[in-house]
Amino acid sequence: MPKKTSTYCNIYAVVSGIPRGSIATYGQIARLAGVPGHARLVGYALNALRGRTSIPWHRVVNAKGRISPRSGASSADILQRHRLEQEGVKFDESGRIPLDNFRW
DNA sequence: CCACTGACGAGTG
DNA sequence: GCACTCGCCAGTG
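Please read these numbers as outputs of a predicted model, since none were measured by experiment.

(A) Seen up close, the overall build of chain A. Helix and strand counts for chain A come out as 5 helices and 2 strands. When the helices and strands of chain A are read in sequence order from the N terminus, they spell out α-β-α-α-β-α-α. Here the C-alpha atoms of chain A give a radius of gyration of 13 Å, agreeing with the 13 Å that 2.2 N^0.38 yields for 104 residues. Principal-axis analysis of the C-alpha atoms gives chain A an extent of 45 × 30 × 20 Å. Per-residue burial over chain A gives 39% buried out of 104 residues.

Here you go:
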């Protein structure tokens, strides 16, 4: 069953499948999408969305359980954290998320 | 078509 | 635990 789908499409599908209150890392998404090692593509794919889609991009964080400090507007970082807290996700004093507890 | 940039991960010192 | 390096792909000008 040759899944010729663009990696990109798979990534969106996986991220969209993240249940509310759960968190996934870029590496995890890439792995589930069938492209282990290409965590960068995941981040890039989400960035390309720019919030124009219904993809819960805020449920995706880096391997350290932290919100990636992206360039441009840091407001999105704050927005992401705020949204996660609303879903029941807790942050550490260092702004980190206990992945052991929330990992998808 | 070419070059630069960009939401990361894992390994090494 | 932190800092630096390499690899990887897609989008924009």
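(B) Region of interest: the packing of aromatic side chains. The full count for this structure, using the stated rule, is 1 aromatic pair. Pairing tyrosine 8 with tyrosine 12 gives two aromatic rings, centres 4.8 Å apart and planes at 80 degrees, and the pair type is edge-to-face. Highlighted residues: tyrosine 8 and tyrosine 12, both in helix H1 (residues 7–16), separated by 4 residues, approximately one helical turn. Tyrosine 8 gets classed as partly exposed once you look at its relative accessible area, which sits at 42%. Looking at tyrosine 12, the relative accessible area reads 13%, which means it is buried.

(C) Just the protein's contact with DNA strand B, in detail. Not every one of the 14 residues close to DNA strand B is listed here, only the nearest: Arg40, Leu46, Ala63, Arg70 and Ser71. Taken together, the sugar and phosphate atoms account for 51% of what DNA strand B places within 4 Å of the protein. Here a base nitrogen of DNA strand B and a side-chain polar atom of arginine 40 are 2.7 Å apart. Arginine 70 places a polar side-chain atom, nitrogen or oxygen, 3.4 Å from a base nitrogen of DNA strand B. Elements with a minimum of two residues in the surface near DNA strand B: helix H2 (26–33) and helix H3 (39–49).

(D) Structural detail: the protein's contact with DNA strand C. Every residue near DNA strand C is listed here: Tyr8, His38, Arg40, Leu41 and Tyr44. What you see for DNA strand C is that sugar and phosphate hold 62% of its atoms within 4 Å of the protein. Contact distances for DNA strand C include 3.4 Å between a sugar or linking oxygen and a side-chain N or O atom of histidine 38. Among the residues making up the surface near DNA strand C, the classes are represented as 3 nonpolar, 1 polar and 1 charged.

Rules used throughout
- Every chain's residues receive numbers from 1 upward, in the order its sequence appears when written.
- In the order they appear in the text, chains get letters beginning with A and ligands get numbers beginning with 1.
- Only residues with pLDDT of at least 70 get local features here, since the model is predicted, and only at 80 or more are side-chain atom pairs given and counted; chain-wide, interface and lining totals rely on the full set of residues.
- Calculated side-chain values reflect all of the structure's heavy atoms, with hydrogen atoms and water omitted.
- Under the DSSP-based scheme used, a helix requires at least four consecutive residues in state H or I and a strand at least two consecutive residues in state E, with every element numbered from the N terminus.
- Restricting the calculation to C-alpha atoms gives the radius of gyration, and the globule rule supplies 2.2 Å times the number of residues raised to the power 0.38.
- When accessible area is computed with a 1.4 Å probe and restricted to protein chains, residues below 20% of their type maximum are described as buried, those above 50% as exposed, and intermediate ones as partly exposed.
- Centres within 6.5 Å are what make two rings of Phe, Tyr or Trp a pair, Trp counting through its six-membered ring; a difference in plane orientation under 30 degrees is then read as stacked, over 60 as edge-to-face, and the rest as tilted.
- The cutoff for a nearby residue is simple: one of its non-hydrogen atoms must lie within 4 Å of the molecule or strand.
- We call two N or O atoms a polar contact when they sit within 3.5 Å, provided that within protein one can donate a hydrogen and the other can accept it, with sequence-adjacent residues counted only if both atoms are side-chain atoms.
- Residue polarity follows a fixed list, in which Ala, Val, Leu, Ile, Met, Phe, Trp, Tyr, Cys and Pro are nonpolar, Asp, Glu, Lys and Arg are charged, and the others, Gly among them, are polar.

Shape is all these values report; function is a separate question.
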